[in-house]
Amino acid sequence: MALIALGVSGGIGAYKAVEVARGLQKRGHDVAAVLTSNACRFVGPLTFEAITRRPVITDQFAPGLNADIEHIALASSAAVLVVAPATANVIGKFANGIADDFLSSLYLATRAPVLLAPSMNTNMLEHGAVQANLAVLATRGVRFVEPGEGFLACGWQGKGRLAEPDAIVDAVERLLQPDRSWQGRAIVVTAGPTYEDLDPVRFIGNRSSGRMGFAIAAEAARRGASVTLIAGPTSLEPPVVGDLVRVRTAADMHAAVMARSREADVVIMAAAVADYAPARREAHKVEKQQAPLTVTLERTPDILAELGAERAARGGALPLLVGFAAETRDLLERAKAKRARKRVDLIVANDVSQPGAGFEVDTNIVTIVGPDGEEAQPKQAKAEVARVLLDRIDRMLAGLTRQP
Ligand code: C5P
């Protein structure tokens, strides 16, 4: 039994928060409801008071509140802060550290795990500002219960409907029972692009944002693993992990991975490593001229293939090696060929030409190719892809032991 702070913001889904409160109570938890002023327009504080049998917080500066449950007291006593529904406004305030009411102040003041159930109109949800705020919160460790698709109260059909109360209650329960099943495991994850410099101002890069690798690193850390995250240049905030190594080029990434993989139980190469780099980096900015410019590119080391060859030479089964295959055609054939050629255990294949998959988006559509066939996954959040992948790795590791 735990004290759960239930934040309710002003969306039409606010009435479903009553069911969330009841569901949490049925599982034996105590609920302190915090309503924003907009939430009070949709659902009455009295309803929550009657159900939770606790004073409902609707105002940061209410007399009496400061002596009893004020935001600092609730911040330190709540085991989880769950916000359902979380509107675009609340998400924006959390992401940017604005604390102009009780709920947003509580978010900043608490060290408890935070779970948001976003709910809003489809266009609002898809807006770059909201997506950027969600991405910032995800990298800070905030968890989400994905909104559902269907008819929205505003008359639209699409994504944005508040998740079902049962799903929200289940997600709170998972947060209360942290999974430490990867404790004692060392994992190396690469993420992001590499930049290969042509001269002091230009480089050859790619569109990888680092989101997929960051989601994997965050999930492994959540399960208690000791995580080394080797990240290429990206503007996204990386998750908090034991060891963060910043690199720029494929050569840097090669050195960083090779130095840290010997002791690892798992290496997951989610980075989009350049296959070619300029043969030379000019010391000064290259001047434009009338004649065409020819740049000679040289192959970079294939890090994953080198890890595979090294492991095969040792005859060991560890580290377990996982690669990604970003393709635009013949997805499965290419992924299978890559798995064999690089001598790795799993290849996570995705067709980056499909909407909602690959670079710069929060979702992915992957097929995991392993020794015993392939497992196609639906379109899902990258955090969910990370969970599915780590579960699969878990099953493989269960059958392996470290070679001397
Ligand atoms: O062969 P391809 O580049 O498509 O393989 C992709 C996989 O190999 C990814 O896991 C990527 O991180 C890894 N890779 C690598 N070194 C390279 C190129 C790709 O480790 N030079």
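Thresholds, definitions, all that
Sequence order as written defines the numbering, with residues in each chain counted from 1. Two thresholds apply to this predicted model, a pLDDT of at least 70 for residue-level local features and 80 or more for giving and counting side-chain atom pairs, whereas whole-chain, interface and lining totals are computed over all residues. Side-chain metrics rest on all non-hydrogen atoms present in the structure, leaving aside hydrogens and water. A molecule or strand has a residue near it when one of that residue's heavy atoms lies within 4 Å. Counting of polar contacts relies on pairs of N or O atoms within 3.5 Å, with two restrictions inside protein: one atom must be capable of donating a hydrogen and the other of accepting it, and residues adjacent in sequence are counted only when both atoms are side-chain atoms. Here a cavity denotes a set of grid points, spaced 1 Å apart and computed over the protein atoms alone, in which a 1.4 Å probe fits but from which it cannot get out, and a pocket denotes an open set meeting protein on both sides within 12 Å along at least five of seven lines; residues with an atom within 4 Å of a point are reported as lining. Throughout, a molecule is located in a cavity or pocket provided that more than half of its atoms lie within 2 Å of its grid points. Counting from the N terminus, the helices are the DSSP runs of H or I reaching at least four residues and the strands are the DSSP runs of E reaching at least two. All amino acids are sorted into three groups, where Ala, Val, Leu, Ile, Met, Phe, Trp, Tyr, Cys and Pro are nonpolar, Asp, Glu, Lys and Arg are charged, and the leftover types, Gly among them, are polar. Only protein chains enter the area calculation, which uses a 1.4 Å probe; residues under 20% of their type maximum are buried, those over 50% are exposed, and those in between are partly exposed. The criterion for strand pairing is that DSSP finds at least two bridges linking the strands in question. Every crossover in which the path from the first strand over the helix to the second runs clockwise, viewed with the strands pointing away from the viewer, is termed right-handed. Domain delimitation follows an automatic or database domain assignment. The term buried area denotes the loss of accessible surface (1.4 Å probe radius) that occurs when two parts are joined, taken as the sum for both partners. Here, residues are in contact when the closest pair of their heavy atoms is within 4.5 Å. Interaxial angle, 0 to 180 degrees, is taken between N-to-C directions of lines fitted to C-alpha atoms, where a helix line uses only the stretch in contact. In this scheme, patches are assembled from residues that exceed 30% relative accessible area and form no salt bridge. Like charges are connected within 9 Å, while nonpolar side chains (Val, Leu, Ile, Met, Phe, Trp, Tyr) are connected within 5 Å. Computed with the Shrake-Rupley method and a 1.4 Å probe, the accessible areas treat only the protein chains shown as cover for residues. Whenever a carboxyl oxygen of Asp or Glu lies within 4 Å of a side-chain nitrogen of Lys or Arg, that contact is scored as a salt bridge. Aromatic pairing here means that ring centres of Phe, Tyr or Trp (its six-membered ring) are within 6.5 Å. Orientation follows from the plane angle: under 30 degrees is stacked, over 60 is edge-to-face, and everything else is tilted. Only lysine NZ and arginine CZ atoms are considered, and such an atom sits over a ring when it is within 6 Å of the ring centre and within 35 degrees of the ring normal. For classification purposes, angles smaller than 35 degrees are called roughly parallel, those larger than 145 roughly antiparallel, those between 65 and 115 roughly perpendicular, and all remaining angles oblique. By definition, any crossing whose near helix is turned counterclockwise from its far helix by less than a right angle is left-handed, and any crossing with a clockwise turn is right-handed.

**Side note on the site of the ligand**
Every one of the 14 residues lining the ligand counts as a neighbour, but Met 269, Ala 271, Phe 324, Lys 338 and Lys 342 are closest to it. The backbone of Pro 301 places a nitrogen or oxygen atom 2.9 Å from a nitrogen atom of the ligand. Using a 2 Å cut-off from the grid points, one finds that the ligand occupies the second largest pocket. When contributions to the shell around the ligand are tallied by element, the ones reaching two or more residues are helix H12 (303-314), strand E16 (320-327) and helix H13 (331-342). Counted by class, the shell around the ligand contains eight nonpolar, two polar and four charged residues.

**Regarding the pairing of strand E1 (residues 3-8)**
Burial of E1 is extensive: six of the six residues sit out of reach of the surface. Side-chain alternation along E1 places Leu 3, Ala 5 and Gly 7 on one buried face and Ile 4, Leu 6 and Val 8 on a second face that is also buried. Alignment of E1 against strand E2 (residues 30-35), held across six bridges, turns out to be parallel. Bridged to Gly 7 within E2 is Val 34. Handedness of the crossover joining E1 and E2 through helix H1 (residues 16-26): right-handed.

**Description of the domain arrangement of the protein**
Partitioning the protein into domains gives domain 1 (3-176) and domain 2 (186-397). For domain 1 and domain 2, the distance between their C-alpha centroids amounts to 35 Å. Regarding the contact of domain 1 and domain 2, the summed buried area is about 610 Å², with carbon and sulfur atoms giving 45% of it. It is Ala 135, Thr 139 and Arg 143 that lose the most area in domain 1 upon contact with domain 2, and together they represent 62% of the buried surface on that side.

**Considering helix H5 (residues 88-96)**
Among the nine residues of H5, seven are classified as buried, and the element is accordingly described as predominantly covered. Among the residues making up H5, those that are buried are Ala 88, Val 90, Ile 91, Gly 92, Lys 93, Phe 94 and Ala 95. At its buried positions, H5 is contacted by strand E3 (80-86), helix H6 (102-109), strand E4 (114-118), helix H7 (122-126) and helix H8 (128-139). Remark: Gly 97 follows H5 within two positions and exhibits a positive phi of approximately 70°.

**Some words on the sheet that holds strand E13 (residues 266-269)**
If you trace the eight strands from one edge of the open sheet to the other, you get E12-E11-E8-E13-E16-E17-E19-E20, paired in mixed fashion. Whereas interior strands pair on both sides, the edge strands pair on one side only; in this sheet they are strand E12 (243-246) and strand E20 (373-376). Each adjacent strand pair in this sheet contributes to an overall mean axis angle of 15°, direction not counted. Contacting E13 and E16, H12 runs over the sheet at an angle of about 150° to E16.

**Digging into the sheet that holds strand E5 (residues 143-144)**
One open sheet accounts for five strands, arranged E2-E1-E3-E4-E5; its pairing is parallel. Looking along the sheet, the strands with just one partner apiece sit at the ends: E2 and E5. Sheet analysis places E3 next to E4, joined by four bridges and oriented parallel. Among the inter-strand pairings, Val 83 is bridged to a residue of E4, identified as Leu 116.

**Quick look at the side chain of Thr 228**
Residue placement: Thr 228 occurs in strand E11 (residues 226-231). Ignoring anything within four residues of it in the chain, the contact list for Thr 228 reads Ile 187, Val 188, Val 189, Asp 243, Val 245 and Arg 260.

**Considerations on a nonpolar patch on the surface**
A cluster of nonpolar side chains, Ile 204, Tyr 276, Leu 293, Val 295 and Leu 297, forms an exposed patch at the surface whose accessible area comes to about 440 Å². In this structure, Leu 293 sits in the loop between strand E14 (276-278) and strand E15 (297-299). For Leu 293, a relative accessible area of 58% corresponds to the exposed category.

**A look at the packing of aromatic side chains**
All chains considered together, the criterion is met by two aromatic pairs. An angle of 5° between the planes, with centres 4.2 Å apart, marks the rings of Phe 94 and Tyr 107 as stacked. Taken together, the positions of Phe 94 in helix H5 and Tyr 107 in helix H6 put the pair 13 residues apart, joining distant regions of the chain. Owing to a relative accessible area of 2%, Phe 94 belongs among the buried residues under this scheme. With 3.8 Å between their ring centres and 15° between their planes, Tyr 195 and Phe 203 make a pair best called stacked. Stacked on the ring of Trp 182, the Lys or Arg Arg 185 has its end atom at 4.9 Å from the ring centre. It is Arg 299 that lies over the ring of Tyr 276; its NZ or CZ is 5.9 Å from the centre.

**Observations regarding the side chain of Ser 104**
Its place among the elements puts Ser 104 in helix H6. Of the residues examined, Ser 104 reaches a relative accessible area of 1% and is grouped as buried. Ignoring any residue separated from it by four or fewer positions in sequence, one finds Ser 104 in contact with Lys 93, Phe 94, Ile 98 and Ala 99.

**A closer look at the packing of H5 against H8**
When two helices pack together, their arrangement is given by the angle between the helix axes and by the axis-to-axis distance. One way to put it is that H5 packs onto H8 with a least axis distance of 9 Å and a crossing angle of 50°. One element, H5, and the other, H8, form an angle in the oblique class. The interaxial crossing formed by H5 with H8 has left-handed handedness. Only Val 130, Asn 133, Leu 134, Val 136 and Leu 137 of H8 make contact with H5, whose side of the interface consists of Ala 88, Ile 91, Gly 92, Phe 94, Ala 95 and Asn 96. Here the residues of the contact of H5 with H8 sort into eight nonpolar, three polar and no charged.

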